[in-house]
Amino acid sequence: MRLHKAYNGLTVLFFCIFFNAKVHPQTDSVLANKTYQIADSLFSMGLYAQSNEHYIKSQKMYFKIAETVDDNTYRVKYYKCFADIAYNLNLLAKQDEAIAMLVKAIDETKIKIGNEHFVVGNLYNCLGEVYSRKGDYPAALENHKKSLTININALGAEHRSVGASYGNIAIVHYYTGDYQKAIEYDLKARDIFEKNLGSDHPHVASIDNNLGEIYRILKNYDEALVYYNKSITIWS
């Protein structure tokens, strides 16, 4: 049922792209955005390679628009696509390719839109996730902390992107066995997600599940049960 719904959504999006291209060829931004939506839909379906094909197509369109229109919006979208593409590469077990692309993208993004732009923070966050999946936890922690600092300065201390950085830092500490640090950062992430997204959001449930697992490892079973039950309540 879920796959069927996604397929129907894709059918509509493909039709929109065809329609816009045929009737309104000047609306490149609409075409780029629709292509990006297809990439997101394919990602949700677990079709990571196909998703990347469309992220790359949309990225090329954003680059073309950014070069012809004096509007930084499309330049930001262009650089954000690097994180989307790298995330898919990470899931496809192509970490080295993702790292090489992200390092280059970060350097270029800093030059084009500034060192402290939130997109730079987004790219550092993605780079941290790639290193974490590769098992290079010192590099993962370094990049997540860079992301955290930039996101706080660019978006504010209570933004959900800051919460994501806290959550990713917690995961690194979990994998390295520093469970108290993991709890500290998970609680920070949970607080931000709850304030921004509500107490019944899946992001909150994920953090609760992580906290339950950490407390289980620490043999604090009462706390583990509390957080496991919270996560189950949200997901059910």
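So, a few notes on the structure that sits alongside this text. All of these numbers come straight from a predicted model, not from anything done at the bench. (Residues numbered from 1 in each chain as written. Predicted model: local features only at pLDDT ≥ 70, side-chain atom pairs only at ≥ 80, totals over all residues. Heavy atoms only, no water.)

Topic: the pattern of salt bridges
Thought 1: Enumeration over the complete set of coordinates arrives at 10 salt bridges.
Thought 2: In this structure, Glu 158 and Lys 195 form a salt bridge, with 3.5 Å as the shortest nitrogen-oxygen distance. Pair noted here: Glu 158 is in the loop between helix H7 (137-155) and helix H8 (160-175) and Lys 195 is in helix H9 (residues 179-197), with a separation of 37 residues, a long-range link.
Thought 3: With relative accessibility at 39%, the residue Glu 158 sits in the partly exposed group.
Thought 4: In this structure, Asp 191 engages Lys 195 in a salt bridge whose closest nitrogen and oxygen atoms are separated by 3.2 Å. Of the two residues, Asp 191 and Lys 195 are both situated in helix H9; the distance of 4 residues between them amounts to about one turn of the helix.
Thought 5: Look at the salt bridges and you will find they share partners, linking Glu 158, Asp 191 and Lys 195 into a network. (Salt bridge = Lys/Arg side-chain N within 4 Å of Asp/Glu carboxyl O. Helix = DSSP H or I, 4+ residues; strand = E, 2+ residues; numbered from the N terminus. Buried < 20%, exposed > 50% of the residue type's maximum accessible area, 1.4 Å probe, protein only.)

A few points about H7
Thought 1: In this model H7 runs 26 Å from its N-terminal to its C-terminal C-alpha over 19 residues, within 8% of the 27 Å that 1.5 Å per residue would give.
Thought 2: Here H7 has its buried residues at Ala 139, Ala 140, Leu 141, Asn 143, His 144, Ser 147, Leu 148, Ile 150 and Asn 151.
Thought 3: Put simply, Asp 136 is the residue that caps the front of H7, since its side-chain oxygen is 3.3 Å from the backbone nitrogen of Ala 139.
Thought 4: Gly 156, located one to two residues past H7, shows a positive phi value of around 100 degrees. (Expected span 1.5 Å × (residues − 1). Polar contact = N/O pair within 3.5 Å; in protein donor to acceptor, adjacent residues only side chain to side chain.)

Comments concerning the packing of aromatic side chains
Thought 1: Taken as a whole, this structure holds 12 aromatic pairs when the rule is applied.
Thought 2: Looking at Lys 188, its charged tip hangs above the ring of Tyr 185, at a distance of 5.0 Å from the centre. (Phe/Tyr/Trp six-rings, centres within 6.5 Å; stacked < 30°, edge-to-face > 60°. Lys NZ or Arg CZ within 6 Å of the ring centre and 35° of its normal.)

Side note on the side chain of Ser 51
Thought 1: Mapped onto the elements of the fold, Ser 51 is located in helix H3 (residues 48-68).
Thought 2: In this structure the side chain of Ser 51 is engaged in a polar contact, spanning 3.0 Å, whose partner is the side chain of Asn 88.
Thought 3: Setting aside residues no more than four positions away along its own chain, Ser 51 makes contact with Ala 39, Leu 42, Phe 43 and Asn 88. (Contact = heavy atoms within 4.5 Å.)

Read these as spatial facts, not as claims about activity.
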